[in-house]
Number of protein chains: 2
Amino acid sequence: MKRTAGPLRVALLGHGTVGAETARALTGRAAELSARIGAPVELAGIAVRRPRTLPGIDGSLVTTDAHALVSRGDIDVVVELIGGMEPARSLITTAMETGASVVTANKALIASEGVDLHHIARKQGVGLAYEAAVAGAVPVLRPLRQSLAGDRIQRVTGIVNGTTNFILDRMTRSGGTFQGALHEAQRLGYAEADPTGDVSGADAAAKMAILARLAFDTELPIERVQFEGITHIGPGDIAHAEAGGYVIKLVGTCDRTPDGVNARVHPMLIPLEHPLAGVRGADNGILVEARAAGELMFHGAGAGGLATSSAVLGDLVELCRDRVAGPGTAPAEFSQVLPLRPLAQVAGRYHVSMFVTDEPGVLSQVSAVFAEHGVSLETVRQEGLGPQAQLALVTHRATDAAVTEVIAGLAALPCVLGTVRSIRILGHRKEPVG
Amino acid sequence: MKRTAGPLRVALLGHGTVGAETARALTGRAAELSARIGAPVELAGIAVRRPRTLPGIDGSLVTTDAHALVSRGDIDVVVELIGGMEPARSLITTAMETGASVVTANKALIASEGVDLHHIARKQGVGLAYEAAVAGAVPVLRPLRQSLAGDRIQRVTGIVNGTTNFILDRMTRSGGTFQGALHEAQRLGYAEADPTGDVSGADAAAKMAILARLAFDTELPIERVQFEGITHIGPGDIAHAEAGGYVIKLVGTCDRTPDGVNARVHPMLIPLEHPLAGVRGADNGILVEARAAGELMFHGAGAGGLATSSAVLGDLVELCRDRVAGPGTAPAEFSQVLPLRPLAQVAGRYHVSMFVTDEPGVLSQVSAVFAEHGVSLETVRQEGLGPQAQLALVTHRATDAAVTEVIAGLAALPCVLGTVRSIRILGHRKEPVG
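These numbers were taken from a predicted model, which means no experiment stands behind them.

Quick notes on the rules
- Residues numbered from 1 in each chain as written.
- Chains lettered and ligands numbered in written order.
- Predicted model: local features only at pLDDT ≥ 70, side-chain atom pairs only at ≥ 80, totals over all residues.
- Heavy atoms only, no water.
- Pairing = 2+ DSSP bridges.
- Helix = DSSP H or I, 4+ residues; strand = E, 2+ residues; numbered from the N terminus.
- Phe/Tyr/Trp six-rings, centres within 6.5 Å; stacked < 30°, edge-to-face > 60°.
- Buried < 20%, exposed > 50% of the residue type's maximum accessible area, 1.4 Å probe, protein only.
- UniProt positions renumbered as here; feature names shortened; annotations may be inferred.
- Contact = heavy atoms within 4.5 Å.
- Buried area = accessible area lost by both parts, 1.4 Å probe.
- Salt bridge = Lys/Arg side-chain N within 4 Å of Asp/Glu carboxyl O.
- Axes fitted to C-alpha atoms, helices over the stretch in contact; angles between N-to-C directions.
- Parallel < 35°, antiparallel > 145°, perpendicular 65-115°, else oblique.
- Left-handed = near helix turned anticlockwise from the far one by under 90°.
- Nonpolar A, V, L, I, M, F, W, Y, C, P; charged D, E, K, R; others polar.
- Least-squares fit on C-alpha atoms with pLDDT ≥ 70 in both.
- Lys, Arg positive; Asp, Glu negative; His and termini not counted.
- Polar contact = N/O pair within 3.5 Å; in protein donor to acceptor, adjacent residues only side chain to side chain.

Draft legend 1. Focus on the pairing of strand 14 (residues 377–385) of chain A. All names here are of chain A. Bridge count between strand 14 and strand 15 (residues 388–395): eight bridges; the pairing is antiparallel. Residue pairing in the sheet places Thr 379 in a bridge with Val 394 of strand 15. The turn joining strand 14 and strand 15, which pair antiparallel and follow one another in sequence, is formed by two residues; a positive phi near 70 degrees is taken by Gly 386.

Here's what the structure looks like:
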C-alpha cells in the first residue's frame, strides 16, 4: 500500500490487559514512540466487543465494528489482541488485504494458520509480526528469524509455558501434589479457571510449532507436534528426580537431523547444572543451539499483560519503521518443507521406575526386557520396601519406539506391580541432536 | 540507491577468521541464504591486504584495492571485517555514500564513530548493522534496538568481555594469581599477546557505550564511559568474595535515572544466586531491565571467529532482505541527547577491606570515618591476625563520591595499615537504578 500523508495510524483490536497497556503507550508516550520510529504515530481506533468508555481514550476512537476499522484503508498497522481463531483470522486477513501491516499476540492462530498468513503478508507486501505469541517479552522470535538467519539452528529447547513451570516449581519446593499447586497457581493468577490448554502441554506445543518453523525455515503443521502434559506428575516423581540430581520441567524441543525435523513437548528430568534448571516460577527460558553461534540462552518473564505489551510495542515500532522506509518488509515465506521425523525415532535417555516383588531373579527378568529391545542401561537403583522393591533405571540413549516397547514388556511381567513410569532425561549439553 | 537487476552483491573487506567463515557461507551455502533472503545473493569481491590465493574462492574476486571495491556502485552490502579506525572508517563511509548497506563487527569504530555513522546511513537511506560488535553471537543489539523499542529500558548489566571473565573464573577455580590466569588465557587463545585493551576494561567500556546508546536512544560519547580493569585483583580479593557468598566479575552497567544516564565498567562482587554469577569461562551474559518486559537475560559465547560470523551473517541476511523490499531501512538516528550523570553520583553498596592494628578503639575510629561521610554500614567482620586484624565492611547504598572520601579518610588513619581496598557489590535484583 502507498502510504497516505500524515502520521502513521495504528488500529487496536481488543482492549484487555495488553490492549489497554498498548493504548496507554500510544497515547501517553506518543512522542517517545514517534522518535523511535522516525515519524509521528497515532492511535486511529480501538475495536471493542461491547460499547463502553475507555479511560483516557477519546470516545470517537472506540468502535464495536472491528471489520469497518480494519477496512478503512488508511490504517498502517493493525494490532490484533482479541485472541482465538475467529473473528481474529478474518480481521487480520482483511487488514493485510487492505494494505495494513499486522502485529498479533495470537499464538493459537499463528500456530495453526501461520504459514497461510505469511503467504498473504508476502503477497500483499505488508509486515506481519508476532513476537508476543511465544515467551511473552523474551525476544526469541526475532533472534531466530533475523539474528540467526545466516546460521544453521540445530535444536531449540525451551520452557515456554509459565503456568506449568510455576506448578512444577511449586511442587518441587513444597513437596505437594499437582492439584494443590494448580490451585495455588489459579489463586495467584498464573493459571486460568480451565487450565486444560496449559497443563495438557497443548499451549507449549503451539509455541514449539512456531519456534520450529522460524528456526528451521520450514512449514510445520501444528498437528504434527506431539505433546504430553504434567497432570500425571506426582510428589513421588519429584522426589525421584531430586534424588538423582534432577528437576522435572515441561520441556518443548524441536530439532533437525538429516532425517528431518521433529517438535515435541513432554515433561523431562533436567540436570540441576543445566541452564534450563534455573528457570523458576512462571518464567520462560529458551536454549538455542546453532552451528556457528553455539549455545544461546534467553530467559525472562513468559507472560503477564505488561510483559506481553512490551513485545507487542516492539513489533509495532518495527513495522512502523518499515512503513516509513517503504511499503514494509514482508516476512519471508517458509522456503522449505523439510520431512518430519516421527517422535518414535527420536532418541534420548530415559528414567524408568516401577514397583516389583522383592524376590530373587526379578532384576534379571526386568533387565532382559530392556536387552530384548536393544536398550542398554546406564544405572540401576533398587530399594527394598518390605514385600516390594522399587526399581529405578536410567537407560543409555534409545529411541522412543524402543522404550515404548520396553515399557509394554515390563508391564506384562508378573513381578512388576502397578504402572511402569518413564520420563525422558534432558541430554547433557552438546549431546547430539536426535 | 536504486538496485540494479540481478542477484544481491556482497563485498567482503578482510579475510581473517570471521571473513573466511563469512566467505565460506556465501559460496557454500548461497542457496540456503538466498532462500532466507528471498532473492539470490552472491559474493562480489573480497578485499585483502596482500595479494594471495584464498581457498575455494575464484581468484578474480580477490583484490587488494578495497576502495575500488566499495566504490564500484553495484554492491548491495559491504561487510567490513578489517577492524581498527582507518581505513575501516573511510571505506564504510564511501560504501554508504555509494549506496551500499554496511555490516561491521568493528566495535572500536562503532563505539567512537557510531553516532556519525548512523547519521550518514540515515542520510543515504542505507542499512547499517553491527550485532557482532557486542557479545559475539549473542543477539542483544537487535533486541534492544527492535524488540524493546516500545518499552523503556532502565538498566543493562553485562559481562561483555570474555577474556577478563575467563581470567577471573580461572582465578576463582584455582585460587591462583592474575598473572597465572592471564598466561593460561593467552595459551588457550582467550587473551591476546598484548591484553591491555581487555584487562584494562577499555574493551568492555566500548561495548557499554554501544549498548547504552541503543538502550536509551541517546548519543553517548565513548570518552564518558568510566572504566576500571582487573589487573589489581588478587587471590585475597577472590577469597574474600567467596567467604561472603560472592564471585568477582568485570561488570559493565548503564542505567537511566531522571538525572541522566551513566555507563561504567568495573569489577564487582556478584551474589552467587544472581543470574550473571553463572556466566562462566569466556562466555558473555547480559541482563536487561525494562519497565514492561521486566528482567531479560541473554547468555552465550562472547567471541570466537565462528560465533562472530553467525552475528555477521544474521546482519547480512537482514540488510539483504531490506534491499529486496526497498532501498533498505536505515538505522534510526539517536533521537535524544540525555544528560550524563557522573559516576560520582552513582549509588551502590560497597565491600571495603583493610588491615588494621589490633588494639582497642580501632573499630570506633574506622566507623567514625564512614559516619562522617554519611555512609552507613550493613555488616562488619573483623578477624585477628596476631598484631594485625583484617576488617571487612559492607556499606548500605552510598554514592561513589562518598565512598571515595571514606577511603581517603581511612587511608589517613594511623591504625590503618597498607592499602584500603574497595569493590562495588552488584545490587540485589530489583534494586532501584542509581
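Draft legend 2. Examining the packing of aromatic side chains more closely. Throughout the structure, instances matching the rule amount to three aromatic pairs over all chains. For the ring pair Phe 166 of chain A and Tyr 190 of chain A, a centre distance of 4.6 Å and an interplane angle of 35 degrees mean the geometry is tilted. Residue Phe 166 of chain A is found in helix 7 (residues 162–174), and its partner Tyr 190 of chain A is found in the loop between helix 8 (178–187) and helix 9 (196–199); the two are separated by 24 residues along the sequence. Accessibility expressed as a relative area gives 6% for Phe 166 of chain A, which makes it buried. Residue Tyr 190 of chain A is classed as partly exposed on the basis of its relative accessible area, which comes to 40%. Aromatic pair Phe 298 of chain A and Phe 298 of chain B: ring centres 5.9 Å apart, planes at 80 degrees, arrangement edge-to-face. A residue pair is termed interchain when its members come from two chains, as with Phe 298 of chain A in strand 12 (residues 294–301) and Phe 298 of chain B in strand 12 (residues 294–301). The pair Phe 298 of chain A / Phe 298 of chain B is uniform in exposure class, with both members buried.

Draft legend 3. Structural context of the UniProt feature "binding site: NADPH" (unreviewed entry) in chain A. Residues and elements named next belong to chain A. Per the UniProt record, the feature "binding site: NADPH" (unreviewed entry) sits at Lys 107. Summarising the element assignment, Lys 107 is placed in helix 5 (residues 107–124). The class of Lys 107 is partly exposed, set by a relative accessible area of 22%. Setting aside chain neighbours within four positions, we find Lys 107 in contact with Ala 133, Asp 203, Ala 206, Lys 207 and Ile 210.

Draft legend 4. Main features of the interface of chain A and chain B. At the interface, 52 residues of chain A touch 53 residues of chain B. Carbon and sulfur atoms make up 48% of the area that chain A and chain B hide from each other, which totals about 4,100 Å². If you sort the residues of chain A by the area they bury against chain B, Arg 36, Ser 147 and Gly 150 of chain A come out on top, with a joint share of 15%. Inspection of the chain A/chain B interface yields six salt bridges.

Draft legend 5. Spotlight on the packing of helix 2 (residues 30–37) of chain B against helix 12 (residues 305–325) of chain B. Residues and elements named next belong to chain B. Interhelical geometry of helix 2 versus helix 12 gives an angle of 50 degrees and a closest axis separation of 9 Å. The angle between the axes of helix 2 and helix 12 places the two elements in the oblique class. In the packing of helix 2 onto helix 12, the handedness of the crossing is right-handed. For the pair helix 2 and helix 12, contact is made by Leu 33, Arg 36 and Ile 37 and by Leu 313, Val 317, Cys 320, Arg 321 and Val 324, respectively. Grouping the amino acids of the contact of helix 2 with helix 12 by side-chain chemistry returns six nonpolar, no polar and two charged.

Draft legend 6. Expanded view of the packing of helix 7 (residues 162–174) of chain B against helix 8 (residues 178–187) of chain B. Residues and elements named next belong to chain B. Contact pair helix 7 / helix 8: the axes reach a minimum separation of 9 Å and the direction vectors enclose 125 degrees. In terms of orientation, helix 7 lies oblique with respect to helix 8. Considering how the two elements wind past one another, helix 7 and helix 8 form a crossing that is right-handed. Side by side, helix 7 and helix 8 meet where Phe 166, Ile 167, Arg 170 and Met 171 of the first sit next to Phe 178, Ala 181, Leu 182, Glu 184 and Ala 185 of the second.

Draft legend 7. The relation of the copies chain A and chain B, seen in detail. When chain A is fitted to chain B, the residual RMSD is 0.1 Å, and the transformation amounts to a turn of 180 degrees plus an axial shift of 0.0 Å. Accordingly, the operation relating the two chain copies is best matched by a two-fold axis. Among all residues of chain A, the minimum C-alpha distance to the rotation axis is found for Phe 298 of chain A, at 2.5 Å.

Draft legend 8. Molecular detail of the side chain of Glu 80 of chain B. Residue and element names in this part refer to chain B. Mapped onto the elements, Glu 80 comes out in strand 4 (residues 77–80). Buried within the structure, Glu 80 lacks any salt-bridge partner; Arg 49 is the closest side chain of opposite charge, at an N-O distance of 10.0 Å. Reaching out from Glu 80, the side chain makes a polar contact with the side chain of Thr 104 at a distance of 2.6 Å. One polar contact links Glu 80 to Asn 106, side chain to side chain, over a distance of 3.3 Å. Apart from the residues lying within four places of it in its own chain, the contact partners of Glu 80 are Leu 13, Ala 88, Ile 92, Val 103, Thr 104, Ala 105 and Asn 106.

Draft legend 9. A look at the UniProt feature "active site" (unreviewed entry) in chain A. All names here are of chain A. Following the UniProt record, the feature "active site" (unreviewed entry) maps to Lys 207 here. The exposure class assigned to Lys 207 is buried, which follows from its relative accessible area of 9%. The contacts of Lys 207, once residues within four sequence positions are left out, are Lys 107, Ala 133, Val 134, Val 160 and Asn 161. Among the polar contacts made by the side chain of Lys 207, one reaches the side chain of Asp 203 at a distance of 2.7 Å.

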